[in-house]
Every structure is written in structure tokens, then in C-alpha cells.
Amino acid sequence: MTKGKTGEASLGPNNAQPQPSAGVPGTLAPANAILNRLGYGLAGLIVFMSLPLPFFWDSILLGSEVGQHFVQNGLWAWILPPQLDSGHPPAFGWYLALWWTALGPTLPVAHLAMLPVLLLIWGSFYRLLRLLLPHASQQSAHWIGAGLLLLEPTFAAQAIHVGPDLVLLGLYLSALVCLIERRPAVLSLLLLAMGMTSLRGCLGMAALWVTAFALAWPAGASAGKKTDSRQPFRQPFRQHSRQPFRQHSRQPFRQLNWLLLPFGLAALGLVAWFSYHASQTGWVLANPDSAWSANQKWAGFEGILRNVGLIVWRLLDFGRLVLWVPGLLWMLTLWRAKEPIQRQERRMLLVFGIPLLVLSLAFLPFANPVAHRYFLVVFVLALPWFAYRIHLLDPTRSRFYGIAILSMLAFGHRWIYPDKVAQGWDASLAHLPYFSLMSQAWSEIPDPEAVYTEFPLYKPMQSVRPGSQQKRTSFKKAEGDWLSRDYVLYSNIINDIPHETYDQITNTWPLQREWERGKVFIRLYRRPGMEPMELPELPNE
């Protein structure tokens, strides 16, 4: 680890030191100061506008229900009941419980608890922009990067909800900043918090360790020798292949000695937690008797190929192809051309390429569905490089490309697949009409216990809207047995319905009522021969 004249730390022996952006080192140029304040202001605005939104998707369990468990049983009740224990450490639910214990277990308080998380995300992301794009001529790239963050579909969807994936993003970005700036004490706390928030936080720890090693590795030259700050993209691999590995491997390890303590302390804390959890429950990582255990099974060769396709799909989905397809072409151009690449750009590629590789390798062998939010940190960390590349375009091309990005990412929030295609509903804003439609269905169906449905429609009101005064019972869980029920509630929000069952219900069962807005709908069907359920008349009936 070295420090340049600007006071900005960097990993690696051969990283060229950037020039200060403007003025006194450590101060912000006026335009950047405005951007920084705007980012913090938008974080507060997002939380304020999200206050009425219920818990959604997996955050219902990992946030609301686990948090209410702590409120009801005490903040030290870390061993969850089997129906709540998915294997993830419960730190996020505990965090919500702290807020609920202090201010009351209500939905607005849960959203208020996400304000520090959004502030952490913006502060860390903006700091990374300044570390990765430090030159005075690159200030416009900071604005481009901030705009891309606001437009990023999965980040936008997660930012308006209360969920652990947003916390993981904030912790990872902040830990990466501490890694680059060499802050071991704070880094150890952030790593432990990551691991205690989710099992994917442990993968984040692994990705950060590999990132540290990659950033410290001598790029294209023997350790200790000065090289030009620009070099062919493939040159490091060619040179390392011709020289002994040990010649290059010693110096990065020496530079990373300081990381042993923060990573070691975090690892010890996680080992202590999982050991205690195993002693109380008899299992580690996945409950063999729960519905989640099927996700931990070996996917097989066909399943691995399917997961590869899913990961590529996730990268391109919801309009992101307008970023990743040109990005892939830029990478191929760098790979094939002899024109040099700056170490600055190499660092930007590493900080998102390594977590992409680590997460992909971890998810490929298992049957667990690969969700968009699993790669949220990759989506966000790729934005500085995309901003840098857009910044390099001439004004005409950059304006044209900017319009294309804005159009595609905005359209991505209206990107809804056909009913038989499972969609990542928590990865874009396309799901927003669902909440008002669900409220209408709740208010108009007189006997919810007679109606069967699937996740997330069967979740009780107290789970999706903590503190709600509505005491009505919830809809019943179909348990996969749709066709034996008298009344079923189907929505395209539901991903868990067999295609044959879907065809039979939609083609042969009478449709009694439909609530629809945009392309999102909820439909009440009755089994053939059943009397219609008594529902309040609609104005147009």
C-alpha cells in the first residue's frame, strides 16, 4: 500500500498516482460538491417517497418476519424458529428490530431504517468514483456514473424497499473503499457485518480478498520495476507466463499482510456464529427439513449450463444490454488491439470483474434460482467503468449513447415477460402496481380463507405491512395443489405455478374478477361447477 501526493491510497506496487481533481487536496471542486449534496438529498427523498410501500418478495421473511420475531421474543433470541430460519444469519432482522423497539414496529419506521443504508451507499459509491476516476478532466464521468446509478433498474427496485441486499451493497462498497484506503479497523467491522447479514456476504468477503490480491499484483512487469502507466491488455498474462511465478507472488503477499487481521477477525466471528447455530439447530447453512433445502442440491451438468445462461440473462435484463453489450465489445477491442490500457482502467475492470467471477462460480453448481439482486454489487461497481468509457466518446456519440441508455433503462421498468416466464419482480419497478391491486383484492374478497394462492400473495397483512390496523385473515397457501381448490387467486407476480396447471386454470376455469393495472394483474378464478363468490359490485358492472 502506498500513498501519493494527493493523500489517496492505492493497492499495488505499480499503480500510477493520480493527479488531484482540483484545488486543495481532500477538497471537492464546486461541481463535485453539488453532485455530492444532490446524492445525499436524493437518498432522503427516496426513503420519504417509499414510506407507504409494503415489504416485498424475500424481504418479507428476511426483514419483516425475522424482525418481528426479535421484537416479540427479545433482541437476544438469535436462534430463529424453523419456519423463519433459512440459513442466513439474522443480523438484518435484528437491525430492524432495534429501530422497531425504539420507535415502534411500523412500516414507516422500517423504511426510515434504510436511510443510513442509502446514505452509506451513496457516500461509498461517490468515494469510489473519486478514487477510480481522480483526474480533473474526469469530473464529468462522476456525473455520468451518478446518473447511471439512479437509472440502474435493480438498484432502483431495491432502493425503494426494505431488504438485506441493499445493506450488503452498502457494506461491500464501503469495505472496498476501506480496502483501497487501508483502514483495517473499520474494514474488519464491515466484513463481519456482511457475513452476518447474509450467506452471500461471506461470498462478498471472498471477492474482496481476491480483489485486494489482484489490485496489488504487479501489472505487466517484475515486482519493483517501474513501467509506463499504459500497457497492452494482454501483456501481464504474457509476461507472467515467461517468468517464474514466485518472482511476482511475493510482493503482493507482503503488501497484503495488513489484511490478515481484519479478515481473520471477521472469519473468527462468523465461525463462532455458525458453530453456535449448528449446536442449537443441528445443521449448517441449510435446514434439511425446510423448503429451502432443495435449493442447495447439486444442479448437474444441464443445471450448470442453465445457470450460465441465467447469469448472462441477469446481466442483460431490464435494458442493461445497452451497457453490457457495448462493454463486452470494448473489452474485446482492448484484448485484441495492441493499443495500451491504463492501469486506472484495469482497476475499474477488476473491482467488478472479480465479484462477478466469484459469485458466478458460487452459484453455478447449485439448483438455487439465480436472482438479479445476487449480482447487485456487480451492476453498481461496473458503473464507474461504463461512465469512464462514455466520457471518452466524442460529444455527438456520447449524447446519442446517453439517450439510448436513458430510453432502454427506463423501458426496462416496463419489461414484463409472458406469464409462463419467471420474472425477477424485485429487480425492476415493474411490480409497483401490484401493491394497489393487492389492496383492492384484500378489500373486495369477503372470505380470504376460502381462497388459495402462492407466494407472495398468501403472506399475512402483518408481515407485509407491520403495524397495520387491518386484522383480516390472509389467503391460504395452495401448497402447489391448485386444481383441488374451489377458488384460486392468480397473479403474474407469482412465479411458482406449473405450466400445465396454469393452462388448465386459465383455459377452463371461470374468471370471476380481475384487478389489473398496466401489465400487472390479479385474477380470481373459481373451479368449474362452483357457485360464484359474492363480491361487491364494481361501478361498471
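Residues numbered from 1 in each chain as written. Predicted model: local features only at pLDDT ≥ 70, side-chain atom pairs only at ≥ 80, totals over all residues. Heavy atoms only, no water.

1. Here we look at the overall build of the chain
Quick reminder of the rule: A run of DSSP states H or I qualifies as a helix once it reaches four residues; a run of E qualifies as a strand once it reaches two. Both are numbered from the N-terminal end. Summary of the burial criterion: residues with accessible area below 20% of their type's maximum are buried, those above 50% are exposed, and those between are partly exposed, where the area comes from a 1.4 Å probe applied to protein chains only. The contact definition used throughout considers only heavy atoms, calling two residues in contact when any of these lie within 4.5 Å. Only the protein chains shown count as cover for residues, with accessible areas throughout obtained via the Shrake-Rupley method and a probe of 1.4 Å.
A count of helical and extended segments in the chain gives 22 helices and nine strands. Put simply, the chain has 541 residues, and 54% of those count as buried. The contacts of the chain with a sequence gap of at least 6 include a subset with a gap of at least 24, amounting to 76%. Just so you have it, the chain exposes about 24300 Å², and 62% of that area is on carbon and sulfur atoms.

2. Things to note about the sheet that holds strand 7 (residues 487–491)
Paired through backbone hydrogen bonds, the strands of a sheet run either parallel or antiparallel to each other. Formally: Strand pairing is assigned whenever DSSP detects at least two bridges linking the two strands. Fitting a line to C-alpha atoms yields each axis, with helices limited to the stretch in contact; the angle taken between N-to-C directions then spans 0 to 180 degrees.
Read from one edge to the other, the open sheet built from five strands follows the order 6-5-7-9-8, with strand pairing classed as mixed. Two strands bound the open sheet, and with one partner strand each, they are strand 6 (476–477) and strand 8 (511–517). Taken together, the two bridges between strand 5 (residues 451–453) and strand 7 define a ladder with parallel strand orientation. What sits directly across from tyrosine 452, in strand 7, is valine 488. Its contacts with the sheet put helix 20 (residues 433–444) on strand 8 and strand 9 (520–526), and the angle it makes with strand 8 is roughly 145°.

3. Concerning the environment of serine 463
This is how the line gets drawn: Any pair of N or O atoms that falls within 3.5 Å is considered a polar contact. Within protein, one atom must be able to donate a hydrogen and the other to accept it, and sequence-neighbouring residues count only if both atoms are side-chain atoms.
In this structure, serine 463 sits in helix 21 (residues 461–464). Excluding its chain neighbours within four sequence positions, the residues that come into contact with serine 463 are Phe55, Ile60, Ser64, Glu65 and Gln68. In terms of polar contacts, serine 463 uses its side chain to reach the side chain of glutamate 65, at 3.0 Å.

4. A closer look at the nonpolar core
Defined as follows: Throughout this description, the term nonpolar core refers to a set of buried Ala, Val, Leu, Ile, Met, Phe, Trp, Tyr and Cys residues connected via side-chain atoms within 4.5 Å.
Counting residues in hydrophobic clusters, the biggest one holds 154 residues, and the most contacted among them are Phe155, Leu323 and Phe375. Take this core: its biggest share by element is 12 residues, from helix 8 (residues 164–181). Among all residues touching phenylalanine 155, those that are not within four sequence positions of it are Leu118, Ile121, Leu149, Leu166, Leu169, Leu376 and Val380.

5. Let's talk about helix 19 (residues 395–412)
The following threshold applies: Multiplying 1.5 Å by the helix residue count minus one yields the expected span of that helix. What the arc measures is the spread of directions leading from the helix axis to the C-beta atoms.
End to end, helix 19 covers 25 Å across 18 residues, agreeing with the expected 26 Å (1.5 Å per residue, within 8%). Within helix 19 the residues assigned to the buried category are Ser398, Tyr401, Ile405, Leu409 and Gly412. Here the buried residues of helix 19 occupy an arc of 70° about the axis, which is enough to place them on one side. Within helix 19, the exposed residues directed more than 90 degrees away from the buried face are Thr396, Arg399, Phe400 and Ile403. Buried residues along helix 19 sit against helix 6 (139–151), helix 7 (153–159), helix 15 (321–336) and helix 18 (383–392).

6. Points about the packing of helix 15 against helix 19
Spelled out, the test is: An angle counts as roughly parallel when it lies under 35 degrees, as roughly antiparallel when it exceeds 145, as roughly perpendicular when it falls between 65 and 115, and as oblique in every other case.
Where helix 15 meets helix 19, the closest approach of the two axes is 9 Å, and the angle between their N-to-C directions is 135°. Looking at the two axes, helix 15 sits oblique to helix 19. Facing Leu321, Val322, Leu323, Pro326 and Trp330 of helix 15, the residues of helix 19 in contact are Tyr401, Ala404, Ile405, Met408 and Leu409.

7. A closer look at the packing of aromatic side chains
What characterises a pair of aromatic rings is the spacing of the ring centres plus the angle enclosed by the ring planes. The cut-off we apply is this: Only Phe, Tyr and Trp rings are paired, with Trp represented by its six-membered ring, and only when their centres lie within 6.5 Å; those with planes under 30 degrees apart are stacked, over 60 edge-to-face, the remainder tilted. Here, over-ring charges are defined by two tests on the NZ atom of lysine or the CZ atom of arginine: distance to the ring centre within 6 Å, and angle to the ring normal within 35 degrees.
Enumeration over the complete set of coordinates arrives at 29 aromatic pairs. Note on phenylalanine 56 and tyrosine 434: the rings are 5.8 Å apart at their centroids and 50° apart in plane angle, and the pair reads as tilted. Remark: tyrosine 434 occurs in helix 20 and phenylalanine 56 occurs in the loop between helix 1 (30–50) and helix 2 (59–73); sequence separation between them is 378 residues. Here phenylalanine 56 and tyrosine 434 have matching classes, each one buried. With a centroid separation of 6.3 Å and 40° between ring planes, the pair formed by tryptophan 122 and phenylalanine 125 is classed as tilted. Of this pair, tryptophan 122 and phenylalanine 125 both sit in helix 5 (residues 115–132), separated by three residues, roughly a single helical turn. Tryptophan 122 sits in the buried class, given a relative accessible area of 7%. Through pairs of rings, three or more aromatic residues link up here, namely Phe56, Trp57, Tyr434, Phe435, Phe455 and Tyr458. Against the face of tryptophan 313 rests arginine 314, its NZ or CZ located 4.9 Å from the ring centre. Sitting over the ring of phenylalanine 521, arginine 523 keeps its end group 3.7 Å from the ring centre.

8. Overview of the packing of helix 6 against helix 18
So the rule is basically this: For a crossing to be left-handed, the near helix must be turned anticlockwise from the far one by less than a right angle; the clockwise case is right-handed. Under this grouping Gly is polar, as are all residues other than the nonpolar Ala, Val, Leu, Ile, Met, Phe, Trp, Tyr, Cys and Pro and the charged Asp, Glu, Lys and Arg.
Between helix 6 and helix 18, the shortest axis-to-axis distance is 8 Å and the interhelical angle comes to 130°. It follows from the interaxial angle that helix 6 and helix 18 lie oblique. For the crossing formed where helix 6 meets helix 18, the hand is right-handed. Contact residues: helix 6 offers Ser140, Ala141, Ile144, Gly145, Leu148 and Leu149, while helix 18 offers Leu383, Phe386, Ala387, Ile390 and His391. Residues of the contact of helix 6 with helix 18, tallied by class, amount to eight nonpolar, three polar and no charged.

9. Quick look at the pairing of strand 8
Taken together, the six bridges between strand 8 and strand 9 define a ladder with antiparallel strand orientation. Each bridged residue has a counterpart across the sheet, and for leucine 511 the counterpart in strand 9 is tyrosine 525. Hairpin connection, strand 8 to strand 9: the antiparallel pair is bridged by two residues, and glycine 518 has positive phi, about 65°.

10. Things to note about the pattern of salt bridges
Short version of the rule: Each reported salt bridge corresponds to a side-chain nitrogen of Lys or Arg within 4 Å of a carboxyl oxygen of Asp or Glu.
Summed over all chains, the structure comprises 14 salt bridges. Here glutamate 181 makes a salt bridge to arginine 183, at a shortest N to O gap of 2.7 Å. Between arginine 527 and aspartate 486 there is a salt bridge whose closest N-O contact spans 2.5 Å. Taken together, the positions of arginine 527 in the segment after strand 9 and aspartate 486 in the loop between strand 6 and strand 7 put the pair 41 residues apart, joining distant regions of the chain. One connected set of salt bridges, linked through shared partners, spans Asp58, Asp165, Arg200, Arg373 and Asp426.

11. Looking at unusual backbone geometry
The omega angle of the peptide bond from phenylalanine 455 to proline 456 is 5°, so this bond is cis rather than trans. Mapped onto the secondary structure, proline 456 falls in the loop between strand 5 and helix 21. The phi angle at tryptophan 57 is positive, at roughly 60°, despite the residue not being glycine. Its location among the elements puts tryptophan 57 in the loop between helix 1 and helix 2.

12. Describing the pairing of strand 7
For strand 7, the tally of buried residues reaches five of five residues, placing the bulk of the element in the interior. Sheet topology places strand 7 next to strand 9; five bridges connect them, and they run antiparallel. Residue serine 491 lies in a different strand from strand 9, and its bridge partner there is isoleucine 522.

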